[in-house]
Amino acid sequence: MEAKPNARWSLDFVHDQLDNGRRFRVLNIVDDVTRECLAAVPDTSISGVRVVRELTVLVARRGKPEMIVSDNGTELTGNTMLKWTQDHCMQWHYIAPGRPMQNGFVESFNGRMRDELLNETVFTSMAQEMQRLIDCCPDHLRPIAITAFDTGGRIGNVLGLHWPQVDLERRIVRFLRTKNDTPVSVPMTNRLVAVLSALKTSQDEARKKAEVEPGKVVVPQGDWVFTYQGAPIQCIKTSFAKACERAKIENFRVHDMRHTFASHLVQNGVPLLEVKDLLGHKTLAMVMRYAHLAPDNLRSAVERLPGHNLGIVEQQPRRAAVATD
């Protein structure tokens, strides 16, 4: 092996569990010469398709290695992986069964990761992370975040909601102008019904007070669901980033709330066809990215989301002087 970057990569999995007992694993990819960790990919389930996707991104960013070394795990010996190595003319070396030290570089890294990170850290579940983020949102952002987490709607559709699209009696949210130009109806969780009901009541009361005391009460414009100081909210990028900072959640984008919605459904056994309908995709192709998470109707599917059983969420006062806000 030449002493240069990308001469050889090695990869392996290391396992741990969340504080609720749910198992997860981390795919580690190491450059054997530079001893760099090129990627550390955590998830509750990592299939051969996911490994191929991560390797493709890594090769595009860093260049192709001369060789990759791994054990004989099913994720690394399946047809998907074999086809990828052929398509990329990649030399892949499998170590002998039961001889992990033949993959000593990544095994050494796994040991350090376990000693310095995994054994020293309590990892919370996705639902707990989501709730912590919601708790760190300011008043005007909290209902938006809950709607995004509990419907999977694209943020443009969520911010564009008008009250006629929200049927609190039938517990349905209807997104009209979707990316695929196809309306999507999503049943609401108990949490979302409680939050939107409280929001509508607050707006109705503001309008009544404005009739009695004109000019003294801020009245929401039109029939927009989400407003700030009366005007419809057009963008949440800055306030969302600050909420993530307060919640100590890194690398989480606004659009990732939609991915979280889909991931929760699939992890709880909801069929991909139902996830496709709830997300508003025309084909299964876009939903297959969540297939690796998998362990009857649409309403029963949404009832499996964490927010369904959380009941009424009281609006909390705006946090003042919080951390790095």
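The model shown is predicted, which means the values in this text are computed figures rather than measured ones.

Scoring rules and cut-offs
- Residue positions are given per chain, counting from 1 as you read along its sequence in written order.
- A pLDDT threshold of at least 70 governs which residues receive local features in this predicted model, and a stricter bar of 80 or more applies before side-chain atom pairs are shown or counted, although totals over entire chains, interfaces and linings include all residues.
- Computation of side-chain values: all heavy atoms of the structure, hydrogens and water removed.
- Where helices and strands are cited, they refer to DSSP runs of H or I of at least four residues and of E of at least two residues respectively, numbered from the N terminus.
- Exposed residues in this analysis have more than 50% of their type's maximum accessible area, buried residues have under 20%, and partly exposed residues fall in between, with area computed by a 1.4 Å probe over protein chains only.
- In these tables, accessible area is a Shrake-Rupley quantity obtained with a 1.4 Å probe, and a residue counts as shielded only by the protein chains included in the view.
- Pairing between two strands is assigned when DSSP locates at least 2 bridges connecting them.
- Side-chain atoms within 4.5 Å are what join buried Ala, Val, Leu, Ile, Met, Phe, Trp, Tyr and Cys residues into a set we call a nonpolar core.
- In what follows, a contact means two residues having at least one pair of non-hydrogen atoms within 4.5 Å.

(A) Here's a closer look at the overall build of the protein. Broken down by element type, the protein carries 12 helices and 10 strands. Within the span of the protein, comprising 325 residues, buried residues form 45% of the whole. If you sum the accessible surface of the protein, you get close to 16900 Å²; carbon and sulfur atoms cover 52% of it.

(B) Focus on the sheet that holds strand E6 (residues 166-167). One open sheet accounts for three strands, arranged E6-E7-E8; its pairing is antiparallel. The open sheet has two edge strands, E6 and strand E8 (184-187), and neither has a second partner. Sheet analysis places strand E7 (residues 172-175) next to E8, joined by four bridges and oriented antiparallel. What sits directly across from Phe-175, in E8, is Val-184.

(C) The nonpolar core, seen in detail. Counting 47 residues, the largest nonpolar core has Leu-133, Ile-144, Leu-196, Val-225, Phe-226 and Val-275 as the members making the most contacts within it. Every residue in contact with Val-275, bar those within four places of it in the chain, is listed here: Ala-262, Leu-265, Val-266, Val-270 and Val-287. Core analysis: the second largest hydrophobic core is formed by 20 residues, Phe-13, Leu-58, Leu-76 and Met-81 among them.

(D) Region of the structure containing the side chain of Gln-165. With respect to the element layout, Gln-165 can be found in the loop between helix H7 (155-159) and E6. Sequence-distant contacts of Gln-165, defined by excluding residues within four places in its chain, comprise Gly-160, Ile-172, Val-173, Arg-174, Phe-175 and Leu-176.

(E) Local environment of the environment of Thr-85. Assignment of secondary structure puts Thr-85 in helix H3 (residues 79-87). Thr-85 has contacts with Met-90 and Trp-92, leaving out every residue within four places of it along the chain.

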